Amino acid sequence: MSLRSSFARLLRKQAGSTLQLQKPAHSVALIGAPFSRGQKRRGVDHGPAAIRNAGLTERLSGLGCRVYDFGDLSFTQVPNDELYNNLVKYPRSVGLASQVLADAVSGAVAAGHSCVTMGGDHSLALGSISGHTRQCPHLCVIWVDAHADINTPLTTQSGNLHGQPVSFLLRELQDKMPLLPGFSWLKPCLSASDIVYIGLRDVDPAEHYILKNYDIQYYSMRDIDRLGIQKVMERTFEQLMSRGQRPIHLSFDIDAFDPSLAPATGTPVLGGLTYREGMYITEEIHSTGLLSAVDLVEVNPLLGASQEEVNATASLAVDVLATCFGHTREGAHTVFDELPTPNSPDESDSEEQVRI
Ligand SMILES: [Mn+2]
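Analysis parameters
Residues numbered from 1 in each chain as written. Predicted model: local features only at pLDDT ≥ 70, side-chain atom pairs only at ≥ 80, totals over all residues. Heavy atoms only, no water. UniProt positions renumbered as here; feature names shortened; annotations may be inferred. Helix = DSSP H or I, 4+ residues; strand = E, 2+ residues; numbered from the N terminus. Contact = heavy atoms within 4.5 Å. Areas by Shrake-Rupley, 256 points an atom, 1.4 Å probe, with all protein chains shown as cover. Buried < 20%, exposed > 50% of the residue type's maximum accessible area, 1.4 Å probe, protein only. Pairing = 2+ DSSP bridges. Salt bridge = Lys/Arg side-chain N within 4 Å of Asp/Glu carboxyl O.

- The name given to the chain in an unreviewed UniProt entry is Arginase, and the organism recorded there is Chelonoidis abingdonii.
- Under the UniProt heading Sequence similarities (unreviewed entry), the entry covering the chain gives this text: "Belongs to the arginase family."
- Taken from UniProt, the Pathway (unreviewed entry) comment for the chain reads in full: "Nitrogen metabolism; urea cycle; L-ornithine and urea from L-arginine: step 1/1."

1. Observations regarding the overall build of the chain
Then step 1. Looking only at helices and strands, the chain has twelve helices and eight strands in total.
Then step 2. Within the chain, contacts between residues at least 6 apart in sequence are counted, and of these 75% link residues at least 24 apart.
Then step 3. If you sum the accessible surface of the chain, you get close to 16,900 Å²; carbon and sulfur atoms cover 53% of it.

2. Re the pairing of strand S4 (residues 140–144)
Then step 1. Judged by how many residues are buried, S4 sits mostly within the fold: five of five residues are covered.
Then step 2. The alternating pattern of S4 places Cys140, Ile142 and Val144 on one face and Val141 and Trp143 on the opposite face, and all of these are buried.
Then step 3. In the sheet, S4 pairs with strand S7 (residues 248–253) via five bridges, with the strands oriented parallel. The residue bridging Cys140 from the neighbouring strand is Ile248, located in S7.
Then step 4. Sheet topology places S4 next to strand S5 (residues 195–200); four bridges connect them, and they run parallel. Bridging across to S5, Val144 finds its partner in Ile198.

3. Some thoughts on the pattern of salt bridges
When their charged atoms lie close together, side chains carrying opposite charge are able to pair.
Then step 1. For the coordinates displayed, the defined rule picks out ten salt bridges.
Then step 2. A salt bridge links Arg134 to Asp103; its shortest N-O distance comes to 2.8 Å. Taken together, the residues span a long stretch of sequence, with Arg134 in helix H5 (residues 125–135) and Asp103 in helix H4 (residues 91–110) at a distance of 31 residues.
Then step 3. With relative accessibility at 46%, the residue Asp103 sits in the partly exposed group.
Then step 4. In this structure, Glu283 and Arg329 form a salt bridge, with 2.9 Å as the shortest nitrogen-oxygen distance. Taken together, the positions of Glu283 in helix H10 (residues 275–288) and Arg329 in the loop between helix H11 (307–324) and helix H12 (345–355) put the pair 46 residues apart, joining distant regions of the chain.
Then step 5. Sharing partners across several salt bridges, the network here consists of Arg52, Asp69 and Asp72.

Structure, rendered in structure tokens:
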């Protein structure tokens, strides 16, 4: 290639990259929340490390995101954290951890980042959503999960708080909620019409009562079978955006996927989302341009039967997050602006001469 044409190409490249900078690139904050006291299985506090090791930062950077990894939050042990009502486990620890996370998420969103919280168990979502609503009071929530996580402390059978976070957030449920030690800071910040569930297939009787009686929108796996994931997403957005566009908080429990895809998790349930359904959900959420914060929870590297199972689950989490921030299965050319052309005739001639 002649010096002049390579210079011209360099100039074009620079012009292209200047244009790139003018496009709004995602600025993504990563927050590790290694917390496990909302459930009883050991290991979910290693979720953030597993997701990082599966290459999250590299994937997001490769999509053109500016990534700011704020590391892991540290959660102080609360001594003598006794059962509430002889049943609900670690209320003070969950309350305090969620309070710490709420401050972190609120700070990240206030600084202009899209905020990714890597769990940890799903009890953390009461913190991340509370923190997010401080900055975006009109946000809506898409909760992708095998479970509804909407038991109250008075209806739970397991006593695990990772099955209860939504009940603390909903204004309509407050007259049914006792005050738990460690939760006095928390204010309910969502209405029943602000949340849509996708992927449900293991719902307790009291949870089903709440979903029906408080008119909460949900798409179970049966609904996905019946309607198809495309219709489900269309209806989800119709419901949440009926009075105008607003920021989205995606709370994604890895157990929404079928256990064949995400085996390393605490409460797997057969018959979950396919890979394609999961990617479609996050592609559609990305393309709204309204995604403001994501929780990716319940990856538990101690629960895979093999290292392959752990790796598969963590890679799946990375795929979910990459798709949230712009990876598409059809490909994209955001970091590519021109096809190379064959050499000009006189250059070919000179190459010919060199070969001779
Ligand atoms: Mn969950």
